[in-house]
Amino acid sequence: MNPFRRSPFVIIASVLVYIFLYAPIVGLILYSFNASRTNVTFEGFIPAFSERIVMDGSLVKSSPCGPFHWYCDLAKNQDVAEAAGNTLTIAFVATIISTVIGTMAALALQRYNFKMKPFSQLSLYIPIVIPEIVMGIGILTLFSQFFGWANNFFNLVGDARLSMGIATVAVSHIAFMVPFVTLVVQARLQGFDKSYEEAAMDLGANEWITFKRVTFPMILPGVMSGALLAFTLSLDDFVITFFTNGPGSTTLPIYVYGLLRRIITPQVNALSTVWILVVFLAVMALQILQNREQKPQH
C-alpha cells in the first residue's frame, strides 16, 4: 500500500472544510459587483457605460466604472477614508506598544521566579476568557470615572475636558492584546536554550548586547506572530471599540455597523473585500519575512 496515497474520505472532508470556511468570503466578494442596490439577491454584474449611470428601481443599469461601480463609490466616500485612517492608526500604535509590553512580560515570566508569578500567569487568561462586552463595559466605566474625577479636580472645561476618542480606543486595545502577545511569545520561549546567552556573556557581551544579538533574533518569529495576532485583533475589534470610541474616532467595524443599520448596499461588500485584501497582504508579508528569518545563513 502506498503510504503517500490519501483516502478519498480525507480529501472530501478537506474540501468540505475549505468550502465551509471560504464560501461566505467568496459570496461577499461576488456581491460587491452586484447590480442590485438592495444586496438581497444577485442581479448580475454592472455593465460599463462611458457617459452616465442609469438606474431602474433598485438596479444599476450601467456605470463608468462597470462592475467596479461600488468600489468607485467607496473611493469617493470621505467617511470611509477617515474610518480607515483611524483604524490603521489605532492598530499600528496598539500593536507596537502591546508587542513591546507583551514581550517583556513573557521574558520576565519565563526567566524569574517571584511570589506573584502564579497570579500573574493566571491573570493573563482573564481578558481572553471573559466576554468582550464585559471587558468593554468595565473599561468604559473606568474611563468615565477617571475622566469625571480629572475634569472636576483640574476644573477642565470646553475642549480641554478629557473625553473618549482615539487615545481611549488605543489604550483599550493595548490592554486587550497584551495577554495574547505574552502567551504567544511565552510559547516561543519554552524551547529556548539559555546556554546561548551564557556563551555570549562569557565572551564579553553585556545583557543588552546579548538580548539584541542573541535572544531577540531567536525569539523574533514568536514576537512577529504575537504582533500579527495583535494587529488583526485590533483591525477586527468591534465590541471594545464600540464602548470606548468618541467623536472623530470611528473605526471601520463601527462604520460598517452603522451602514448595516440602514439599507445594506454592495458598498459594504466592497469595503469588506478591500479590508480582506489588506489583511491578506499583511499576512503574506509577515510570512515572507518569517521565512527569511528562519532561512539558514551560509
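Everything that follows concerns the structure shown earlier in this document.
Along each chain, residues carry numbers from 1 onward, in the same order as the chain's sequence is written. Thresholds applied to this predicted model are a pLDDT of at least 70 for local features of residues and 80 or more for the giving and counting of side-chain atom pairs; totals over whole chains, interfaces and linings are not thresholded and use all residues. Calculated side-chain values reflect all of the structure's heavy atoms, with hydrogen atoms and water omitted.

A.B. asks: Can you help me understand the packing of aromatic side chains in this one?
C.D. replies: Pairing of aromatic rings covers Phe, Tyr and Trp, the last through its six-membered ring, and needs centres within 6.5 Å; plane angles under 30 degrees mean stacked, over 60 mean edge-to-face, and all others mean tilted. According to the stated counting rule, one finds 19 aromatic pairs in the structure shown. An angle of 55 degrees between the planes, with centres 5.1 Å apart, marks the rings of Phe238 and Tyr257 as tilted. Placement of Phe238 in the loop between helix H9 (207-236) and helix H10 (239-244) and of Tyr257 in helix H11 (residues 252-260) is noted, with a sequence separation of 19 residues between them. What links up through ring pairs into an aromatic cluster is the set Phe143, Phe146, Phe147, Trp149, Phe153 and Phe154. Only DSSP runs of H or I covering at least 4 residues are called helices, and only runs of E covering at least 2 are called strands; the numbering of each starts at the N terminus.

A.B. asks: Please explain the pattern of salt bridges as it appears in this structure.
C.D. replies: When charged atoms on two side chains of opposite charge get close, those side chains can pair. For salt bridges, the criterion is a side-chain nitrogen of Lys or Arg within 4 Å of an Asp or Glu carboxyl oxygen. A complete count under the given rule lists one salt bridge for this structure. Its salt-bridge partner being Glu197, residue Arg111 comes within 2.2 Å of it at the nearest N-O pair. Here Arg111, found in helix H3 (residues 78-111), pairs with Glu197, found in helix H8 (residues 195-202); they are 86 residues apart in sequence, far enough to count as distant.

A.B. asks: Help me out: how do you make sense of the side chain of Thr215 in this one?
C.D. replies: Tracing the backbone shows Thr215 in helix H9. Residue Thr215 is classed as buried on the basis of its relative accessible area, which comes to 1%. Ignoring anything within four residues of it in the chain, the contact list for Thr215 reads Leu107, Arg111, Phe192, Glu197 and Thr210. Classification of residues uses two cut-offs on accessible area relative to the type maximum, computed with a 1.4 Å probe and protein chains only: under 20% is buried, over 50% is exposed, and between them is partly exposed. Contact definition: two residues touch when any of their heavy atoms are within 4.5 Å.

A.B. asks: Honestly, the packing of H3 against H11 in this entry has me stumped. Any pointers?
C.D. replies: Any two packed helices are characterised by how steeply their axes cross, that is the angle between the axes, and by the distance between the axes. Here H3 crosses H11 at 145 degrees, and the two axes come no closer than 8 Å. Packed against H3, whose contacting residues are Asp79, Val80, Ala83, Ala84 and Thr87, the element H11 presents Leu252, Pro253 and Tyr255 at the interface. Under the scheme applied, nonpolar residues are Ala, Val, Leu, Ile, Met, Phe, Trp, Tyr, Cys and Pro; charged residues are Asp, Glu, Lys and Arg; polar residues are all the others, including Gly. For the contact of H3 with H11, the residue count by class is six nonpolar, one polar and one charged. Every angle, taken between N-to-C directions, lies between 0 and 180 degrees, and every axis is a line fitted to C-alpha atoms, over only the stretch in contact when it is a helix.

All quantities given are derived from atomic positions and should not be read as evidence of function.
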